[in-house]
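# Observations on chain architecture
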Amino acid sequence: MAVDHDRLFKELITTFFEEFLLLFFPHVHEHIDFQHVSFLSEELFTDVTAGEKYRVDLLVETKLKGEDSLIIVHIENQNYVQPSFPERMFIYFSRLFEKYRKRMLPIAVFSYDSLRNEPSSFILQFPFFDVLQFRFLTVELRKQNWRDYIRHDNPIAAALLSKMGYTESERVELKKQFLRMIVRVELDEAKQRLLIGFFETYVKLSDEEEQQLRNEVNEMETKEKEQVLELMISYEKKEKRNIAKKMLAKGYDVQTIHELTELPVEEIEKLK
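Computed from a predicted structure; not experimentally measured.

Each helix and strand in the chain was counted, giving eleven helices and nine strands. Considered along the principal axes of its C-alpha atoms, the chain spans approximately 75 × 45 × 35 Å. Counting every position in the chain, which comprises 272 residues, the buried fraction comes to 43%. The contacts in the chain between residues at least 6 apart in sequence include a share of 62% that link residues at least 24 apart. Working note: accessible area of the chain is about 15600 Å², and carbon and sulfur atoms make up 48% of it. Separation of charge centres in the chain, based on 39 positive and 49 negative side chains, amounts to 2 Å.

Here it is, written out as structure tokens:
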């Protein structure tokens, strides 16, 4: 089944919206009243001429310096080049301004797997006159060095390590540092699962890499080692339970599920 990247990013940023702004746009964060933040319904625009539909991923109503304002967050994850993106961003902005008539701050998040140089403005001009210069804030995840973020006690930084710049040889270390960050931020189980699920969607270690990770975790200091191992075991067990439920639904017998998942027979019987 295809991964719904837009939904994953939208859920992550909605859950950790304040942390997202603090991480990438601290100069914006300091002016927002987070007691007044609400996420508006999804906005869908249709370009009748081109026959295309455009969707704004997140529209956030808040107060900036005490004045009612909107923040637009658009996630761009396609890997093919779209020179028209700044123009589309302007269209989102102008149509939303026409509807809400409030100050609006536009933000674009680029989550491409490849390195690109994305423009952050849409300019309409003549040789003799500049009609418009529309600018928006951007964050290009692949250009961020993941090691610059591992000291942040910020949950969204942990999840987004998976989309930052790293090499294949760094994958095991990347996941180890991700797990250490999750342990440090001390979140509830639901938020932990969201972060782990997001990370593993984009960084899936091989069996050999997972074994290397366990070996390295076992060399950590005792307290941290126990916390990280507990997190790994807990998540793995939940994943096995989910697999067992799916196998039961497809009619597999208990013994076969036991052999494939290594879950105790008694536990599989309870799930049944």
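Take the layout of surface pockets next. Rolling a probe over the atoms, with the probe sized like a water molecule, indicates the empty space that remains. Put simply, the largest pocket is a space of about 940 Å³. For the largest pocket, the lining is made up of 31 residues, of which E200, K204, Y235, E236 and E239 are closest to its centre. Here the lining of the largest pocket takes nine residues from helix α9 (residues 222–249), the largest share from any one element. Tallied by class, residues from the lining of the largest pocket come to 13 nonpolar, four polar and 14 charged.

This part takes up the packing of helix α6 (residues 171–185) against helix α7 (residues 189–202). Where α6 meets α7, the axes come as close as 11 Å, and the angle between the chain directions of the two elements is 170 degrees. One finds that α6 runs roughly antiparallel with respect to α7. Across the interface between the two elements, L174, K175, F178 and I182 from α6 touch Q192, L195, I196, F199 and E200 from α7. For the contact of α6 with α7, the per-class residue count stands at six nonpolar, one polar and two charged.

What follows concerns the packing of α9 against helix α10 (residues 254–261). Contact geometry of α9 with α10 gives a least axis separation of 10 Å together with a crossing angle of 150 degrees. Taken together, the axes of α9 and α10 lie roughly antiparallel to each other. Considering only the axes of α9 and α10, their crossing is right-handed. Within the contact between the two elements, α9 uses K240, I243, A244, M247 and L248 and α10 uses I257, L260 and T261. Partitioning the contact of α9 with α10 into residue classes produces six nonpolar, one polar and one charged.

Another point: the pairing of strand β7 (residues 121–126). Inspection of the sheet shows β7 paired to strand β8 (residues 129–135) by six bridges, in the antiparallel sense. Note that in β8 the partner of L124 across the bridge is L132. Here β7 folds back onto β8 in antiparallel fashion, the turn holding two residues.

The next subject is the pairing of strand β5 (residues 67–76). On a regular strand, each side chain points to the face opposite its neighbour's, so the side chains alternate between the two faces of the sheet. The buried fraction of β5 amounts to eight of the ten residues, a majority that puts the element mostly inside the structure. The pairing of strand β4 (residues 58–64) with β5 spans seven bridges and is classified as antiparallel. Considered in β5, the bridge of E61 is made with L70. Between β4 and the antiparallel strand that follows it, β5, lie two residues; K65 among them carries a positive phi value of about 55 degrees. Bridge analysis of β5 against strand β6 (residues 103–110) gives eight bridges, and the strand direction is parallel. Looking at the pairing, I75 lines up with V109 of β6.

Turning our attention to the UniProt feature "coiled-coil region" (unreviewed entry) in the chain. Residues given the UniProt feature "coiled-coil region" (unreviewed entry) here are residues 203–230. Annotated as 71% helix and 0% strand, the span residues 203–230 places its first and last C-alpha atoms 20 Å apart.

Okay, empty space enclosed by the protein next. With the rule as written, the count across this model stands at one cavity of 30 Å³ or more. If you trace the largest cavity, you find it lined by F110, Y112, S114, R116, E140, L141, R142 and K143. Of the residues that constitute the lining of the largest cavity, the class distribution is three nonpolar, one polar and four charged.

About the thresholds
Residues numbered from 1 in each chain as written. Predicted model: local features only at pLDDT ≥ 70, side-chain atom pairs only at ≥ 80, totals over all residues. Heavy atoms only, no water. Helix = DSSP H or I, 4+ residues; strand = E, 2+ residues; numbered from the N terminus. Buried < 20%, exposed > 50% of the residue type's maximum accessible area, 1.4 Å probe, protein only. Contact = heavy atoms within 4.5 Å. Areas by Shrake-Rupley, 256 points an atom, 1.4 Å probe, with all protein chains shown as cover. Lys, Arg positive; Asp, Glu negative; His and termini not counted. Charge placed at Lys NZ, Arg CZ, Asp CG, Glu CD. 1 Å grid on protein atoms, 1.4 Å probe; cavity = no way out; pocket = protein on both sides within 12 Å on 5 of 7 lines; lining within 4 Å. Points joined across faces, edges and corners; volume = space filled by probe spheres on them. Nonpolar A, V, L, I, M, F, W, Y, C, P; charged D, E, K, R; others polar. Axes fitted to C-alpha atoms, helices over the stretch in contact; angles between N-to-C directions. Parallel < 35°, antiparallel > 145°, perpendicular 65-115°, else oblique. Left-handed = near helix turned anticlockwise from the far one by under 90°. Pairing = 2+ DSSP bridges. UniProt positions renumbered as here; feature names shortened; annotations may be inferred.

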